[in-house]
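# Results of the structural survey
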Amino acid sequence: IHRHFLGFSGSWYGFNQAVCLGLPDGCDRELATSHLSRLFDHHDALRMYFDGECFVVPEVGEISFPAAVVLSGDRISAFGQLSEALSPEVAGGMLRWGWHDDDLLVVVHHFAIDGVSWRILLDHLNMLLRGGALPTLGMSLRGWAIHQQAQVLAGAFDDWIARWRMQLVGSHSLASRGVAIDHSV
């Protein structure tokens, strides 16, 4: 998926996902920052960067947890500032965070996170907030990518292609209304 995306022309900036989190009772900014730093160390994809040829994951401790971005304006503006501060080609640049009023805003480049990853990340944050330990990591991002590639090459998803094509019938990309699209899968 990453290689496919990098093959497109245009900028890959602004291609991110974000959350706004309120702090629970008993949790101050210092504790939330400490927990976010622990998640940064625990999850390889948050430390990942693109060196121009491939994605590199520094070992824990090789890079520092990024400092909070000082945010201003309304929440939408604050998210924009975090998005603009992302630097996927710099170690640790996939994640930016900061405080807006009493809320913790977190933006992660889509190279490093998706909907499933957010669920895992937020579950792990909740474990820390409850005083628990982080679980042993399962499959790494690289391991998952290799596993998925093997599944595709083995034809594991071939039976799904007809359904995917059916879902694309009549659809248009937001940027291409009125333009003929090749929906081949």
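Anyway, here's the lowdown on the structure attached to this text. Just so you know, these numbers come straight off a predicted model, no measurement behind them.

## Observations regarding the overall build of the chain
Across its full length, the chain carries seven helices and five strands. For the chain, buried positions account for 30% of its 185 residues. Look at the contacts in the chain between residues 6 or more apart in sequence, and 63% of them connect residues 24 or more apart. On the chain, roughly 11700 Å² of surface is accessible, and the fraction owed to carbon and sulfur atoms is 55%.

## Comments concerning the pairing of strand β5 (residues 103-109)
Taking burial as the measure, the seven residues of β5 include seven buried ones, the bulk of the element. Side chains Asp103, Leu105, Val107 and His109 project from β5 onto one buried face, and the interleaved Leu104, Val106 and Val108 project onto a second face that is buried too. One ladder, built from seven bridges, connects strand β1 (residues 16-22) with β5; its direction is antiparallel. Along β5, the bridge assignment pairs Cys20 with Leu105. Sheet analysis places strand β4 (residues 95-100) next to β5, joined by six bridges and oriented antiparallel.

## So, the sheet that holds β1
Sheet strands pair via backbone hydrogen bonds, and the direction of the pair is either parallel or antiparallel. Read from one edge to the other, the open sheet built from three strands follows the order β1-β5-β4, with strand pairing classed as antiparallel. Each of the sheet's edge strands pairs with one partner strand only, and the pair in question is β1 and β4. Going across the sheet, the axis of each strand differs from the next one's by a mean of 15°, ignoring polarity. Along the sheet face, helix α2 (residues 29-42) touches β4 and β5 and points at about 170° away from the line of β4. Taken strand by strand, helix α5 (residues 115-129) contacts β1 and β5, and its axis lies near 30° from that of β1.

## Overview of unusual backbone geometry
For Asp101, which is not glycine, the phi dihedral falls at a positive 55°. Within the fold, Asp101 resides in the loop between β4 and β5.

## Quick notes on the nonpolar core
If you look at the biggest cluster of nonpolar residues, it comprises 26 residues, and the most contacted ones within it are Leu36, Leu39, Leu95, Trp97, Val106, Val108 and Trp118. Sorting the residues of this core by element identifies α2, α3 (44-47), β4, β5 and α5 as the ones contributing at least two each. Once residues lying within four places of it in the same chain are set aside, the contact partners of Val106 are Gln17, Ala18, Val19, Leu36, Phe79, Leu82, Leu95, Arg96, Trp97 and Trp118. If you look at the next biggest cluster of nonpolar residues, it comprises seven residues, including Leu71, Ala78, Leu82 and Leu105.

## Description of the side chain of Asp103
In this structure, Asp103 sits in strand β5. Asp103 gets classed as buried once you look at its relative accessible area, which sits at 18%. In this structure the side chain of Asp103 is engaged in a polar contact, spanning 3.0 Å, whose partner is the side chain of Arg75. Excluding anything up to four places from it in sequence, Asp103 contacts Cys20, Leu21, Gly22, Arg75 and Gly98.

So, how was this worked out
- Residues numbered from 1 in each chain as written.
- Predicted model: local features only at pLDDT ≥ 70, side-chain atom pairs only at ≥ 80, totals over all residues.
- Heavy atoms only, no water.
- Helix = DSSP H or I, 4+ residues; strand = E, 2+ residues; numbered from the N terminus.
- Buried < 20%, exposed > 50% of the residue type's maximum accessible area, 1.4 Å probe, protein only.
- Contact = heavy atoms within 4.5 Å.
- Areas by Shrake-Rupley, 256 points an atom, 1.4 Å probe, with all protein chains shown as cover.
- Pairing = 2+ DSSP bridges.
- Axes fitted to C-alpha atoms, helices over the stretch in contact; angles between N-to-C directions.
- Core = buried A, V, L, I, M, F, W, Y, C linked by side-chain atoms within 4.5 Å.
- Polar contact = N/O pair within 3.5 Å; in protein donor to acceptor, adjacent residues only side chain to side chain.

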